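# What the coordinates show
Residues per chain are reported as follows:
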Amino acid sequence: MANALVKEIERLAKGKRPLRFMEVCGTHTVSIFRAGIRQILPPNVELVSGPGCPVCVTCDEYIDKAIFYAQLPDVIIATFGDMLKVPGSKTNLTEVSANGADIRVIYSPMDCIKIAAENPTKRVIFLAVGFETTAPTTAAVILAAKAQGVRNLFFFSAQKLVPPALKMLLSDSAVRVDGFLLPGHVAVVLGTNAFKFLNLPSVVAGFEAEEILLALINLLRQVDEGRAEVDNEYKSVVKAEGNVTAKKILAQVFETADDEWRGLGVIPQSGLKIRDEFADFDIERIMPVEVEKVTRKTACRCGEVLRGIVTPKQCPLFKKVCQPLNAIGSCMVSVEGICAAWYRFSG
Amino acid sequence: MCLAFPAKIVAIKDTLATVEKSGVKRDASLMLLPDAKVGDYVLIHAGFAMQVVDEEEVKLRDEILNKLEFSIQN
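Procedures and definitions
- The numbering scheme is per chain: residues are counted from 1 as the chain's sequence reads.
- Following the order in which they are written, the chains are lettered starting with A and the ligands numbered starting with 1.
- Thresholds applied to this predicted model are a pLDDT of at least 70 for local features of residues and 80 or more for the giving and counting of side-chain atom pairs; totals over whole chains, interfaces and linings are not thresholded and use all residues.
- Calculated side-chain values reflect all of the structure's heavy atoms, with hydrogen atoms and water omitted.
- Helix and strand definitions follow DSSP, with helices as H or I runs of at least four residues and strands as E runs of at least two, each counted in order from the N terminus.
- Between the two quantities, the radius of gyration covers C-alpha atoms and the globule rule is 2.2 Å times the number of residues to the power 0.38.
- To sort residues, take the accessible area from a 1.4 Å probe on protein chains only and compare it with the maximum for the residue type: under 20% means buried, over 50% means exposed, and anything in between is partly exposed.
- We call two residues contacting when some pair of their heavy atoms lies within 4.5 Å.
- Per-residue accessibility takes into account occlusion by the displayed protein chains alone, with areas from the Shrake-Rupley method and a 1.4 Å probe.
- By arc we mean the arc of the directions from the helix axis to the C-beta atoms, nothing more.
- An axis is simply a line fitted to the C-alpha atoms; with a helix, the fit covers only the stretch in contact. Between two such axes, the angle follows the N-to-C directions and lies from 0 to 180 degrees.
- Any angle that falls under 35 degrees is termed roughly parallel, while one over 145 is termed roughly antiparallel, one within 65 to 115 roughly perpendicular, and all others oblique.
- Note on convention: the crossing is left-handed when the near helix lies turned anticlockwise from the far helix by less than a right angle, right-handed when the turn is clockwise.
- For any pair of parts, buried area is found by adding up, for both, the accessible area (1.4 Å probe) each one loses once the two are put together.
- Salt bridges are counted wherever a side-chain nitrogen of Lys or Arg sits within 4 Å of a carboxyl oxygen of Asp or Glu.
- Working definition: a ring pair exists when centres of Phe, Tyr or Trp rings (six-membered ring for Trp) sit within 6.5 Å. Plane angles under 30 degrees give stacked, over 60 give edge-to-face, the rest tilted.

Looking only at helices and strands, chain B has one helix and five strands in total. From first element to last, N terminus to C terminus, chain B shows the α and β order β-β-β-β-β-α. Relative to the globule expectation of 11 Å for 74 residues, the C-alpha radius of gyration of chain B, 15 Å, shows a markedly less compact shape. Principal-axis analysis of the C-alpha atoms gives chain B an extent of 55 × 25 × 25 Å. Considering chain B as a whole, with its 74 residues, one finds that 38% of them fall into the buried category. Contacts in chain B between residues far apart in sequence, at least 24 positions, make up 31% of those at least 6 positions apart. Split by element, the accessible area of chain B, about 4,300 Å² in all, is 53% carbon and sulfur.

The following block contains the structure:
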């Protein structure tokens, strides 16, 4: 099956100028590597990775604040496992945990309600990191916590939105892309309509190798036909309007705000901040903390990697001092980080 | 981070569904997908059902893939 798809890609790519398509989803990045898709594409079709991993774009300051909260007495930090090794300016959550902080890895944000109920004398803080796929689940838990009168559960949001980051990439002259493979599960929530501003060939893709190849065929056909539209190759779960209930709950609990992305800087209206109505659940308002802004001196090129300007191999630290067990940049930390995928799959 | 998997709803109580995948049962919240019904395949992310899987679309996709393979081999 995949052979037939690759042949079709070769046929469509023949005689075309070099084309660069960007995926902006860490799960796509891993699927592409696992299936060896980069290696079987014709030489004039290049796949580059963009800022598709929410953990990788979480900035030092957020990690430093999370570490501050984790070290307070009677605090339990609840987090997705990916966050444990993300470097802050001095240390990371794994080291803080080894020194006695109570840090619990959870599967669902809903687990936080149970942890809060089982530990009534402690404050439970959930590190809410994620894109549009995950953010509605956090919003739903905040609604549930409010309805149940939970008083010892708080949220520390670094949640981010994908479309503003794509807008920023398009305005950056150093970023050269001819089309986007759009993130399938972000699109489950947002719907294809949310990406209509792109003005480049764009295709929402599923995560099987065949689905990614099908999306690439669609991108090449759009180039052939001179189209620049948002097409959907993941119709089984992605609708034009997305998940209306999830979007409604998200907007009920969060509002947009300017937010800093590691390696990319501040992107206007790209972050999700808890609304005033739910301020009792916002740890930044209940317990505001200032941490020293530290600019780390490092040759790490995560910022350029995240914009598809360089590949990890062009970073002087890659595979040398920067490895999954000793990550300098956050792209090496998460299993879905670009550098981690290159480390694991590119020999 | 945005990993998700399809599973079948086998029971619903209030906003909590029991879903089954490869013989393993677990809970999934229906807060983000209140119209889901027992028997639906749903996409699960972080303990929440995010969307009903449209089985017709899965079939259509497979047909497109088969057609493409047939047309290229012949």
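All names here are of chain A. The complete set of buried residues in helix α6 (residues 111–118) reads Cys112, Ile113, Ile115 and Ala116. Here the buried residues of α6 occupy an arc of 165° about the axis, which is enough to place them on one side. Away from its buried face, by an angle of more than 90 degrees, α6 presents the exposed residues Lys114, Ala117 and Glu118. Buried residues in α6 make contact with β3 (75–79), β4 (102–105), β5 (123–128), α7 (135–147) and β6 (153–157).

So, about the packing of helix α2 (residues 26–34) of chain A against helix α14 (residues 338–345) of chain A. All names here are of chain A. As a packed pair, α2 and α14 sit with axes 10 Å apart at the nearest point and diverge in direction by 15°. The angle between α2 and α14 falls in the class roughly parallel. Judged by the sense of rotation from one axis to the other, the crossing of α2 with α14 is right-handed. Side by side, α2 and α14 meet where Thr29, Val30, Phe33 and Arg34 of the first sit next to Ile338, Ala341, Trp342, Arg344 and Phe345 of the second.

With that out of the way, let us pick up the interface of chain A and chain B. When the parts of a complex come together, some accessible area is lost, and that lost area is often taken as the interface size. Taken residue by residue, the interface counts 43 residues in chain A and 31 residues in chain B. Across the interface of chain A and chain B, roughly 3,100 Å² is buried in total on both sides, 71% from carbon and sulfur atoms. With a closest N to O distance of 2.5 Å, Glu211(A) and Arg61(B) form a salt bridge. Residue assignment for the side of chain A that touches chain B shows that the elements contributing at least two residues are α1 (2–13), α7, α9 (184–190), α10 (209–225) and α11 (244–253) of chain A. No other element matches α7(A), which puts six residues into the side of chain A that touches chain B.

Before going further, it helps to spend a moment on the packing of aromatic side chains. Residues and elements named next belong to chain A. Tallying each qualifying case throughout the model produces nine aromatic pairs over all chains. Here phenylalanine 80 and phenylalanine 126 contribute two aromatic rings whose centre-to-centre distance is 5.6 Å and whose plane-to-plane angle is 85°, an arrangement assigned as edge-to-face. Residue phenylalanine 80 is found in the loop between β3 and α5 (93–98), and its partner phenylalanine 126 is found in strand β5; the two are separated by 46 residues along the sequence. Here phenylalanine 80 matches phenylalanine 126 in class, with each residue buried. On the numbers, 5.8 Å between centres and 80° between planes, the contact of phenylalanine 207 with tyrosine 234 is edge-to-face. With phenylalanine 207 in the loop between β8 (202–204) and α10 and tyrosine 234 in the loop between β9 (230–232) and α11, the pair connects residues that are 27 residues apart, well separated along the chain. Taken individually, phenylalanine 207 and tyrosine 234 each receive the classification buried, so the pair is uniform in this respect. Chaining the aromatic ring pairs together yields one cluster made of Tyr62, Phe68, Tyr69 and Phe156.

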